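An overview of the molecular structure
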Amino acid sequence: MDTPRYWGVIPAAGQGTRMGAGRPKQYLELAGRRVLEHTLERLAADPRIAGIVVALGPDDADWGRLAIPAGVEVRTVTGGAERCHSVLNALESLGGRAAPTDWVLVHDAARPCLRPADLSRLLDTLADDPVGGLLALPVRDTMKRAGTGDRVEATVDRAGLWHALTPQMFRLRALREALGKAIAAGVLVTDEAAAMEWAGHRPRLVVGAGDNLKITRPEDLPLAEYYLARQFQG
Ligand code: C5P
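Counting starts from 1 at the beginning of each chain's written sequence and moves along it residue by residue. Reporting in this predicted model follows two pLDDT cut-offs: at least 70 for local features of residues, and 80 or more for side-chain atom pairs to be given and counted; totals over whole chains, interfaces and linings ignore these cut-offs and use all residues. Remark: hydrogens and water are excluded; side-chain values derive from all non-hydrogen atoms of the structure.

**Overview of the overall build of the chain**
The secondary structure content of the chain amounts to six helices and eleven strands. Throughout, radius of gyration means the C-alpha value; the globule benchmark is 2.2 Å times the number of residues raised to the power 0.38. By the compact-globule yardstick of 17 Å for 234 residues, the chain fits well, its C-alpha radius of gyration being 18 Å. Each principal axis of the C-alpha distribution contributes one length, and for the chain these read about 50 × 45 × 40 Å. Burial statistics for the chain: of 234 residues in total, 45% are counted as buried. It only takes one pair of heavy atoms within 4.5 Å for two residues to be counted as in contact. By sequence separation, contacts in the chain at least 24 residues apart represent 71% of the contacts at least 6 residues apart. Accessible surface is estimated by sampling points in the Shrake-Rupley manner with a 1.4 Å probe; for residues, cover comes only from the protein chains shown. Total accessible area on the chain stands at roughly 11,900 Å², and carbon and sulfur atoms take up 48% of it. Residues scored as charged are limited to Lys and Arg (positive) and Asp and Glu (negative), so that His and the chain ends carry no count. To locate a charge, the coordinates of NZ of Lys, CZ of Arg, CG of Asp or CD of Glu are taken. A gap of 2 Å separates the mean positions of the 29 positive and 29 negative side-chain charges of the chain. Numbering of helices and strands starts at the N terminus; helices are DSSP runs of H or I of at least 4 residues and strands are runs of E of at least 2. Only protein chains enter the accessibility calculation, which uses a 1.4 Å probe; a residue is then buried when its area is under 20% of its type maximum, exposed when over 50%, and partly exposed in between.

Below, the structure written as structure tokens:
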């Protein structure tokens, strides 16, 4: 079998309504550049990434103004109604170029602080894994399950609970089949690992840094700017 290659997929077709900004969060300004420019550069940082597919919203008016990293081929596709549809569209567009057993790394457009060291550790750790996996972070707060009226119904044992981050890394054919079947069954999975779990696999959790935050609320932007500045200081 040929040595598998690695492809990046960035779902960037969301509107990010929780930000309350005039434009989707992947196009907000962060440290003098757009969020998505940082994200692209971070995912392209590992020379093993052979190419990147970015899923854009049908009315995207900002992509054409971005600076694309040199040295890696970046293509775009039109995204879908939910994140899972956007990712599936990107995987289908990879079909002609990538082998079924090639690895795909799906990384949120809104996670611009991915550390290059975490990316390369994910690739190294999962290179021979039969399933694949994801960067993740053990939960540290005590977890509550809410009942009616925002009253605590139960305290959930946090042992064994993790935050799912991205990139999430799976084989192209396995992920495409899992996502396609989950969507066809009406299961709108919120990440790739959930599709693989639904298909009966057990993705591996690889500990990642907590500064790989997903920009979701307005207060996340200054926090991401702080994290980026600190990372550059080493
Ligand atoms: O909204 P949320 O933060 O969960 O979105 C995660 C990622 O999925 C973002 O990068 C967003 O642009 C992307 N997305 C997408 N297509 C959608 C919805 C979200 O590519 N229909």
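Moving on from the model shown.
**Concerning the sheet that holds strand 1 (residues 6-12)**
The strands that make up a sheet pair up through hydrogen bonds in the backbone, lying either parallel or antiparallel. What makes two strands pair is DSSP finding at least two bridges between them. Strand order in this open sheet of seven strands is 5-4-1-6-10-7-11, and the pairing throughout is mixed. Looking along the sheet, the strands with just one partner apiece sit at the ends: strand 5 (73-78) and strand 11 (204-207). Ignoring strand direction, the axes of neighbouring strands in this sheet form an average angle of 30 degrees. As judged from the six bridges shared by strand 4 (residues 49-56) and strand 5, these two strands associate in the parallel manner. Within strand 5, the residue paired with Ile52 across the bridge is Val74. Of the strands in this sheet, strand 6 (103-106) and strand 10 (162-171) are in contact with helix 4 (residues 172-184), which crosses strand 10 at around 120 degrees. Orientation is described by axes fitted as lines to C-alpha atoms, over the contacting stretch for helices, and by angles from 0 to 180 degrees between their N-to-C directions.

**Considering the site of the ligand**
It suffices for a single heavy atom of a residue to lie within 4 Å of a molecule or strand for the residue to be listed as near it. With respect to spatial proximity, 16 residues lie near the ligand, and among them Pro11, Ala13, Lys25, Gly80 and Ser86 are the closest. A 3.5 Å cut-off defines polar contacts: any pair of N or O atoms within that distance qualifies, except that in protein one atom must be a possible hydrogen donor and the other a possible acceptor, and neighbouring residues in sequence count only when both atoms are side-chain atoms. Take Ala12: an N or O atom from its main chain is 3.3 Å from an oxygen atom of the ligand. In isolation the ligand has 460 Å² of accessible area, and contact with the protein removes 84% of it. Only strand 1 and helix 2 (83-94) provide two or more residues apiece to the shell around the ligand. Any residue outside Ala, Val, Leu, Ile, Met, Phe, Trp, Tyr, Cys, Pro, Asp, Glu, Lys and Arg is labelled polar, Gly included; the first ten of those are nonpolar and the last four are charged. Residues that form the shell around the ligand fall into these classes: six nonpolar, four polar and six charged.

**Side note on a nonpolar patch on the surface**
Like charges within 9 Å and nonpolar side chains (Val, Leu, Ile, Met, Phe, Trp, Tyr) within 5 Å are joined into patches, using only residues over 30% in relative accessible area that form no salt bridge. Any carboxyl oxygen of Asp or Glu within 4 Å of a side-chain nitrogen of Lys or Arg constitutes a salt bridge here. A cluster of nonpolar side chains, namely Trp162, Leu205 and Val207, defines an oily patch on the protein surface of about 240 Å² accessible area. Relative to the assigned elements, Leu205 resides in strand 11. By relative accessible area, which is 38% here, Leu205 ends up partly exposed.

**Focus: helix 3 (residues 116-126)**
Side chains that are three or four residues apart share a direction in an α-helix, a result of its 3.6 residues per turn. Along helix 3, the positions that sit buried rather than exposed are Asp118, Leu119, Leu122, Leu123 and Leu126. Buried residues of helix 3 fall within an arc of 135 degrees about the axis and therefore sit on the same side. On its buried side, helix 3 packs onto strand 1, helix 1 (35-43), strand 6, strand 7 (132-138), strand 10 and strand 11. Taken from the helix axis, the directions to the C-beta atoms give the arc we talk about.

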